[in-house]
Amino acid sequence: MFVVNQDTCSPTGVGHWGSSPSAWVSYPRPNPQARLRLICFPYAGGGASIFRTWPQALPPTVEVCAVQPPGREGRFKEVLIRDLAGLVQGLLSELAEHLDKPFAFFGHSLGAIVAFEVACALRARQLPTPVALLVSGRGAPQLPRREAPIHQLPDAPFIDALRRLGGTPEPILQHQELMQVLLPVLRGDFSIAETYVYSERAPLDCPISAFGGDEDTGVSRADLAAWQLQTSQPLSVRLFAGGHFFIHTDRDGLLEAVSADLLGLVHDGDC
């Protein structure tokens, strides 16, 4: 569900790239001539820095826009959001100015659910909606949770649970001062994920690509295939080498697939 990387560990971390004035979004490599904008939502515990190298691996027709929730990296002094409704509401107003050209959403794990809910909220408000939804490391939202919640555990068992889930280097888990900084962010994100309640609605009118790791014991191919219920358009399911964090361990394979899907949208005239 999450990983703590070096930029997340730094309180100052990554602030704004490019020319975006909003604290909520950043552009690793601004590309005003791009025909399509890929808006990326981080996994629990992560921030915008996850996507800082993505523009180099994606087509020149695509501009990457990374979402930066409060409480981490360049926003570490800001109040955390601990419920999905509040996070979606905060994003709706901040993303408005970034929807001025065709756009797609990408989200990994918790980010996949946030991306899905923001897409649904945009549609409900009759605002521009994504031309595609790319979800990664997360089963369909209508599926019941199988894991026991951990966000309210005391510190020691919570850290033990993080260790079992994987994704956070052991030296970080053992660094007491650093963990005291990171724990509120992690608890907040886990609270969002673990208190999420799916509300049934009409399927989205955009294709969905669902990506997973072939060794991810928490997200099966069937869990990914269940995203078909959320779209009236075709669903593509692909697995990559690795566990839950194939987004890093098979980064090149994932970005090749993302590139192919986005180029397909451009060539088909959706952008």
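Residues numbered from 1 in each chain as written. Predicted model: local features only at pLDDT ≥ 70, side-chain atom pairs only at ≥ 80, totals over all residues. Heavy atoms only, no water.

(A) Seen up close, helix α5 (residues 155-165). All buried positions along α5 are accounted for by Phe158, Ile159, Ala161 and Leu162. Viewed end-on, α5 has its buried residues packed into an arc of 155 degrees, placing them on one side of the element. For α5, the exposed residues lying more than 90 degrees away from the buried face are Ala156 and Arg164. If you follow the buried residues of α5, they end up packed against α6 (170-173) and α7 (176-194). (Buried < 20%, exposed > 50% of the residue type's maximum accessible area, 1.4 Å probe, protein only. Helix = DSSP H or I, 4+ residues; strand = E, 2+ residues; numbered from the N terminus. Arc of directions from axis to C-beta. Contact = heavy atoms within 4.5 Å.)

(B) Broad picture of the confidence of the model for the protein chain. Here the protein chain averages 89 in pLDDT, and 91% of its residues register 70 or above. Low pLDDT (under 50) marks residues 5-20, which in the prediction has 50 contacts with non-local residues, meaning those over four places away or in another chain. (pLDDT = per-residue confidence, 0-100.)

(C) Molecular detail of the sheet that holds strand β3 (residues 62-67). If you walk across this open sheet you meet the seven strands as β1-β3-β2-β4-β5-β6-β7, and the pairing is mixed. Only two strands of the sheet have a single neighbouring strand rather than two, namely β1 (25-26) and β7 (235-240). Examined bridge by bridge, strand β4 (residues 103-108) and strand β5 (residues 132-136) share five bridges and lie parallel to one another. Bridging from a neighbouring strand, Phe106 pairs with Leu134 of β5. (Pairing = 2+ DSSP bridges.)

(D) Structural context of the nonpolar core. Ranked by internal contacts, the top residues of the largest apolar core, which has 43 residues, are Ile39, Phe41, Leu91, Phe105, Val118, Leu133 and Trp227. Elements with a minimum of two residues in this core: β2 (36-41), β3, α3 (84-95), β4, α4 (110-124), β5, α7 and β6 (208-213). It is α4 that contributes the most residues to this core, 11 residues altogether. If we skip the residues at most four places from it in the chain, Val118 touches Phe41, Val88, Leu91, Leu92, Leu95 and Phe105. Listed in part, the 28 residues of the second largest apolar core include Ala48, Leu58, Ala104 and Val258. (Core = buried A, V, L, I, M, F, W, Y, C linked by side-chain atoms within 4.5 Å.)

(E) Structural context of the packing of α3 against α4. Closest axis-to-axis distance for the α3/α4 pair is 10 Å, and the angle between their directions is 60 degrees. In terms of axis orientation, α3 runs oblique to α4. When the axes of α3 and α4 are compared, the crossing they make is right-handed. Residue-level inspection shows Leu84, Leu87, Val88, Leu91, Leu92 and Leu95 of α3 in contact with α4, the latter providing Ile113, Val114, Glu117, Val118, Ala121 and Leu122. (Axes fitted to C-alpha atoms, helices over the stretch in contact; angles between N-to-C directions. Parallel < 35°, antiparallel > 145°, perpendicular 65-115°, else oblique. Left-handed = near helix turned anticlockwise from the far one by under 90°.)

(F) Layout of α7. Under the 1.5 Å per step criterion, the end-to-end length of α7 is 25 Å for 19 residues, consistent within 8% with the ideal 27 Å. At Leu182, α7 shows its maximal kink, close to 40 degrees; a proline, Pro184, follows between one and four residues later. By the criterion of burial, α7 is predominantly enclosed, with 14 of the 19 residues buried. (Expected span 1.5 Å × (residues − 1). Bend = angle between axes of the 7 residues up to and from the residue.)

(G) The side chain of Gln230, seen in detail. Summarising the element assignment, Gln230 is placed in the loop between α8 (221-225) and β7. According to the relative accessible area criterion, Gln230 is buried, its value standing at 1%. Within the structure, Gln230 has its side chain in polar contact with the side chain of Gln142 (distance 2.8 Å). (Polar contact = N/O pair within 3.5 Å; in protein donor to acceptor, adjacent residues only side chain to side chain.)

(H) Main features of the packing of α5 against α7. Relative orientation of the contacting elements α5 and α7 amounts to 75 degrees, with a least axis distance of 12 Å. Judged by the inter-axis angle, α5 sits roughly perpendicular to α7. Taken together, the residues of α7 that come into contact with α5 (itself represented by Asp155, Phe158, Ile159, Leu162 and Leu165) are Met179, Gln180, Leu183, Leu186, Arg187 and Phe190. Grouping the constituent residues of the contact of α5 with α7 by class yields eight nonpolar, one polar and two charged. (Nonpolar A, V, L, I, M, F, W, Y, C, P; charged D, E, K, R; others polar.)

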